[in-house]
Amino acid sequence: MMASSYNAKDEDGHHPGSVGSGGPGAVKSKKPDNTAFKQQRLPAWQPILTAGTVLPAFFMIGLIFIPIGIGLLVTSNNIKEFEIDYTGVDMFSPCFNCSQSYSWNSTSACTCSVPFTLDQPFESNVFMYYGLSNFYQNHRRYVKSRDDSQLNGDKSSLLNPSKECEPYRTSDKKSIAPCGAIANSLFNDTLELFYIHPNGSRIAIHLVKTGIAWWTDKHVKFRNPGENNNNLSIVFQDTSKPVNWRKPVYELDPSDPDNNGFINEDFIVWMRTAALPTFRKLYRIIQKKKDNMTPTLPPGNYSLEVIYNYPVRSFDGRKRMILSTISWMGGKNPFLGIAYITVGSVCFFLGVVLLIIHHKYGNRNNNADIPN
C-alpha cells in the first residue's frame, strides 16, 4: 500500500497535494508547455555526409569559384593606376624644402612641382585621389569628435556644439564651425595637373571638383544653416573657424554656393573617416570629352603642382597622389579575385584528395561489411 500511494501522481506528473499539483497554495509549474516547439518535437533534417554528397560539393565549389576569381583578377589588372609620393622626405625631392619648413602655424603657403611620366594612356574618366599613410582616422576619440547635428544645419548646435568636439569646440569665446578634431585636420593641399606638350608648352588638365562625395552625404547628412547658401558669411558670423584652418567654412568655395560651407564636397569626403591608417580619398575627376577619340590622359610627361599646406612630418606620415581608372567592380583591388581563386583551388584539391582516399579505402570497407 505504501508503494502504491507513493507512486500515485496526477496527470501533470506531480504527487497529489504537492507543490504545482493545483492544490491550495500551489505554485505554478516550471514544466514547459506540451507543445512541439518547447518539447523539441519539431521535424528536423540532418544531412548524412557521404562520399556521394561531399565530393561533388567540393568539385562544384572549385569549378565555380576559380573562374569567378580569374575574371575578377583580370578585371582588376586591367584597371590602370599611377601613384606618386610627394611628401618630400628625400633631400632630392622637389617638395623637400616645403616638408621641412611648413607647419600648421605657417602664414604663407609653400609650392613645389613634381614631374612624372605616364607610359600608358588613361582612357575613359580618370579619378584623382590623395593618399595619406600613418594617419589613424579610426581612433575612437577622433571618430567621435564631431557634431552631426551641427553638420546637418541645426542652428542651436551651430552656436552650442556638442561636448564631444572638445578641445575643438570653442575658440575666442565663440563656437567653432565645424567643430571637432576631424574637421580641424581637414586635408588642404591644392593639387593641379599639367600636361607637358612635346613642343614644351604646359597644358592645364581640367579637374572637376563636384560629384566626388556620396549622394546621401551631400543631400542628407550635410546641410548649411538657413535656406540661402548665398549669405553664409552672415549665417556663420557668430562662429569661429577651426584652429588649423586658414579660412572660415563659408570661404571653402565662394565661387559656387552649392559647394560652399558644410556642403563643400572636399570637406564632406574628408569627414567620412577611413578604417585603416593608410587610405586614399577622392580629390578630383578628369572627365573624358564626349565624341573625342583621344585618351583622357595621353602618355607623356606631366607635372604635379602642389600648394603644400598639409604637414605630415609630425606623425611620420606620407602623402601621395593617385590617378586611376575604374571598372564595373570599382577601383583596382586584386584581393577579391585572389580570395576566390584560393578558396576554389583549396576545395578542388581537397576533392581530389578525398576522391583518392575513397577510391583506395572505400571498397575495402565495403568488403569488410559483407558477411561470409
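Residues numbered from 1 in each chain as written. Predicted model: local features only at pLDDT ≥ 70, side-chain atom pairs only at ≥ 80, totals over all residues. Heavy atoms only, no water.

Focus: the overall build of the chain
Selection criterion: The helix count covers DSSP runs of H or I at least four residues long, the strand count covers runs of E at least two residues long, and both are numbered beginning at the N terminus. Between buried and exposed lies partly exposed: a residue is buried under 20% and exposed over 50% of the maximum accessible area for its type, with that area taken using a 1.4 Å probe on protein chains only. Contacts: residue pairs with any heavy atoms within 4.5 Å of one another.
The number of helices and strands found in the chain is eleven helices and eleven strands. When the 372 residues of the chain are sorted by exposure, 36% land in the buried category. Restricting to contacts in the chain with at least 6 residues of sequence separation, those with at least 24 account for 76%.

Some points on the pattern of salt bridges
Put simply, the test is: One speaks of a salt bridge when a side-chain nitrogen belonging to Lys or Arg is within 4 Å of a carboxyl oxygen belonging to Asp or Glu.
For the structure on display, the rule yields 14 salt bridges. A salt bridge links Lys-209 to Asp-253; the shortest N-O distance between them is 3.0 Å. Taken as a pair, Lys-209 in the loop between strand 7 (202-204) and helix 8 (215-221) and Asp-253 in the loop between strand 8 (239-240) and helix 10 (265-271) lie far apart in primary sequence, 44 residues in all. Judged by its relative accessible area of 30%, Lys-209 is partly exposed. Between Asp-266 and Arg-284 there is a salt bridge whose closest N-O contact spans 2.9 Å. Taken together, the positions of Asp-266 in helix 10 and Arg-284 in strand 9 (residues 279-286) put the pair 18 residues apart, joining distant regions of the chain.

A word on the UniProt feature "transmembrane region" (unreviewed entry) in the chain
Definition in use: UniProt positions are given in the numbering used here, feature names are shortened, and annotations may be inferred rather than shown by experiment.
The sites that UniProt annotates as "transmembrane region" (unreviewed entry) are residues 48-74 and 335-357. The span residues 48-74 shows a helical share of 89% and a strand share of 0%, and its end C-alpha atoms are spaced 39 Å apart. With 100% helix and 0% strand, the stretch residues 335-357 has end C-alpha atoms that lie 33 Å from each other.

A few points about the state of the cysteines
Here a disulfide denotes one covalent bond, and it connects the sulfur atoms of two cysteines. Put simply, the test is: The term disulfide is used for any two cysteine sulfur atoms that are within 2.5 Å.
Taken as a whole and judged by the stated rule, the model has three disulfides. The disulfide partner of Cys-98 is Cys-110, and the S-S distance across this bridge is 1.9 Å. Looking along the S-S bond of the Cys-98-Cys-110 disulfide, the torsion reads about -70°, which is the left-handed sense. Taken as a pair, Cys-98 in helix 3 (residues 96-101) and Cys-110 in strand 2 (residues 110-118) lie far apart in primary sequence, twelve residues in all. One disulfide bridge connects Cys-165 with Cys-179, the sulfur atoms lying 2.1 Å from each other. You can see Cys-165 sitting in the loop between helix 6 (155-159) and strand 4 (170-171) and its partner Cys-179 sitting in the loop between strand 5 (174-176) and helix 7 (181-184), a full 14 residues away along the chain. With respect to class, Cys-165 is no different from Cys-179; both count as buried. Here the cysteine-cysteine linkages of the chain are recorded as 1-4, 2-3, 5-6, numbering only bonded cysteines and doing so in sequence order.

A few points about a nonpolar patch on the surface
Threshold: In this analysis, a patch consists of residues with relative accessible area above 30% that form no salt bridge, clustered at 9 Å for like charges and at 5 Å for the nonpolar side chains Val, Leu, Ile, Met, Phe, Trp and Tyr. Areas reported as accessible are Shrake-Rupley estimates using a 1.4 Å probe. Residue values count occlusion only from the protein chains shown.
Taken together, the side chains of Leu-63, Phe-348, Val-352 and Ile-356 present a nonpolar region at the surface, about 350 Å² in accessible area. In terms of residue count, the dominant contributor to the nonpolar patch is helix 11 (residues 335-369) (three residues). For Phe-348, a relative accessible area of 32% puts it in the partly exposed group.

Brief notes about the sheet that holds strand 2
The strands making up a sheet associate through backbone hydrogen bonding, with each pair oriented either parallel or antiparallel. How we decide: Any two strands with at least two DSSP bridges between them are considered paired. Lines fitted to the C-alpha atoms define the axes, with helices restricted to the stretch that makes contact. Angles between their N-to-C directions range from 0 to 180 degrees.
The sheet built from four strands is open, its strands ordered 2-10-6-7 with antiparallel pairing. Both outer strands of the open sheet, strand 2 and strand 7, are each paired with one neighbouring strand and no more. On average, each strand axis in the sheet is inclined to that of its neighbour by 30°, with strand direction left out of account. The pairing of strand 6 (residues 190-196) with strand 10 (residues 300-308) spans seven bridges and is classified as antiparallel. Considered in strand 10, the bridge of Leu-191 is made with Val-306.

Regarding the sheet that holds strand 1 (residues 81-85)
The sheet built from four strands is open, its strands ordered 1-11-3-9 with antiparallel pairing. Here the strands that pair on one side only, and so sit at the sheet edges, are strand 1 and strand 9. If you compare each strand with its neighbour and ignore which way they point, the axes differ by 20° on average. The pairing of strand 3 (residues 126-133) with strand 11 (residues 318-324) spans seven bridges and is classified as antiparallel. Across the sheet, residue Gly-131 finds its bridge partner in strand 11, namely Arg-320.

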